[in-house]
Amino acid sequence: MREETLLVHAGRHISDDYDFVNPPVIRASTVLHKSAEDMMNRAMHERDMIEDKIPYGTYGTPTHHAFYKALCALEGKNAAGAWAFPSGLAACTIPLLAFLKAGDHALLIDTIYGPTREFAEEILRRMGVEVEFFSPSVGADIASLFKANTALVMLETPGSHTFEMPDVPAIAKACQEKGVISVIDNTWATPLFFKPLDVGVDVVIHAATKYIGGHSDLTMGVVICNAKTWPQAYRTFVQTGQTTGCDDIYLAYRGLHSMAVRVKAAAQSTKQIIDWLLQREEVERVLWPALPTDPSYPIWKRDFSGATSLFGVVFKERYANKLAPMIDALKIFGRGYSWGGFESLLIQSYGTRNQTPMPFERMVRIAVGLENPVDLIEDLNQAFNQLPH
């Protein structure tokens, strides 16, 4: 079944009592049991997350499990289980707690999401985990960074704000050979354009706040694991009390149904806007892996089936620390810290790098939404007139 069809039908809750297109929102904490034996059996089986043996609401209602089934279907045959969190950051950090302990060594890509980096540098190190960052260009040579106590490698593809593409299959293979857990934040590509579990990654993360939700009205993260990592991950999710309200789950599941058309429409507009940007004399380069001139293009072309609508723009050196008047002049583009919604956004780029320095002082990040691209280009054009000459 092709992905557009999967997005419409995956996870649909069918029962003898009703056959709604979308599962109803089931709000529940207490679950009543038929007998003492039933209570004991459900308590024993909760670790297996058997959908019809839920002992308590924190293990998810049928609304949750419809969404989880859909996520697993989208991620492919290697997906063994999925879970939702109240934010994308929680989805990035709780898996680290699941697989790291005091004395372990963790490798994180230098371009990782900023708050994930802060969690690693402050909380993981406080826990006694040795944290090290590596260049996104390392590829199979990541094996040379492994130590006897290396337990986990975390990736993001492409990098936050700077859009470098790591060689995920090569890194995943190196991890498999050494028994190291591999985790990836795949929010940019969505399962539509890249399926990390298919190339050997163990754990996939998405900020469902972005393309999955798609309407800028919820915060959520999701994690999908392979069979090797799911039992330990699931136990950690439950033991740390990670649960997400059914109303937000419903919004995310509803967002899935239209994700393909939203993502592809925004991507078409993105190409049109990038073509315009490349003609501007103020622009030094555009950071988008689907551009043939981008250093990451060979990896993108090999591993990905499409590109989404988030990209970076590097202005020429004379505009360093002088982009604020242009950003303030925007009328259609919003100034907001997110992306993947129906509205277009533009912000000053920022970040911390110790392996791959970038000129953030003259960079912006653009998220293209569903507005008419001609209107967006006109807005950028009038804003560019505010740049110093």
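Remember, it's a predicted structure, so these values are computed and weren't measured experimentally. (Residues numbered from 1 in each chain as written. Predicted model: local features only at pLDDT ≥ 70, side-chain atom pairs only at ≥ 80, totals over all residues. Heavy atoms only, no water.)

Looking only at helices and strands, one finds 12 helices and 11 strands in the protein. Taken over the C-alpha trace, the protein has a radius of gyration of 22 Å; the compact-globule value for 389 residues is 21 Å, and the two agree within 12%. For the protein, long-range pairs separated by at least 24 residues make up 73% of all intrachain contacts whose partners lie at least 6 apart in sequence. Counting 36 positive and 44 negative side-chain charges, the protein places the averaged centre of each group 1 Å from the other. (Helix = DSSP H or I, 4+ residues; strand = E, 2+ residues; numbered from the N terminus. Rg over C-alpha atoms; globule rule 2.2 N^0.38 Å. Contact = heavy atoms within 4.5 Å. Lys, Arg positive; Asp, Glu negative; His and termini not counted. Charge placed at Lys NZ, Arg CZ, Asp CG, Glu CD.)

To continue, consider the layout of surface pockets. By volume, the largest pocket amounts to about 590 Å³. Looking at the largest pocket, it is lined by 35 residues, and the ones nearest its centre are Y113, G114, P115, S160 and R365. Breaking the lining of the largest pocket down by element, the ones donating at least two residues are α4 (88-99), α5 (114-126) and β6 (203-207). The element contributing the most residues to the lining of the largest pocket is α5, with five residues. (1 Å grid on protein atoms, 1.4 Å probe; cavity = no way out; pocket = protein on both sides within 12 Å on 5 of 7 lines; lining within 4 Å. Points joined across faces, edges and corners; volume = space filled by probe spheres on them.)

Here we come to the sheet that holds β6. Pairing within the open sheet is mixed, and its seven strands lie in the order β1-β7-β6-β5-β4-β2-β3. Lying at the two open borders of the sheet, with one neighbouring strand each, are β1 (81-85) and β3 (130-134). Strand-to-strand twist in this sheet, taken as the mean axis angle between neighbours without regard to direction, amounts to 20°. In terms of strand pairing, strand β2 (residues 105-109) meets β3 through five bridges, oriented parallel. (Pairing = 2+ DSSP bridges. Axes fitted to C-alpha atoms, helices over the stretch in contact; angles between N-to-C directions.)

A separate point is empty space enclosed by the protein. Scanning all chains against the criterion turns up four cavities of 30 Å³ or more. Taken as a whole, the largest cavity encloses approximately 70 Å³ of empty space. Taken together, Y211, G214, R262, V263, A266, S309, G340, G341, F342, V368 and L370 make up the lining of the largest cavity. Tallied by class, residues from the lining of the largest cavity come to six nonpolar, four polar and one charged. (Nonpolar A, V, L, I, M, F, W, Y, C, P; charged D, E, K, R; others polar.)

With 13 residues, α5 should cover 18 Å at 1.5 Å per step; its first-to-last C-alpha distance of 18 Å lies within 8% of that length. The largest bend in α5 comes to about 30°, at A120. Taken together, the buried positions of α5 are occupied by T116, R117, F119, A120 and L124. In the stretch just after α5, G128 is the one whose phi turns positive, near 95°. (Expected span 1.5 Å × (residues − 1). Bend = angle between axes of the 7 residues up to and from the residue. Buried < 20%, exposed > 50% of the residue type's maximum accessible area, 1.4 Å probe, protein only.)

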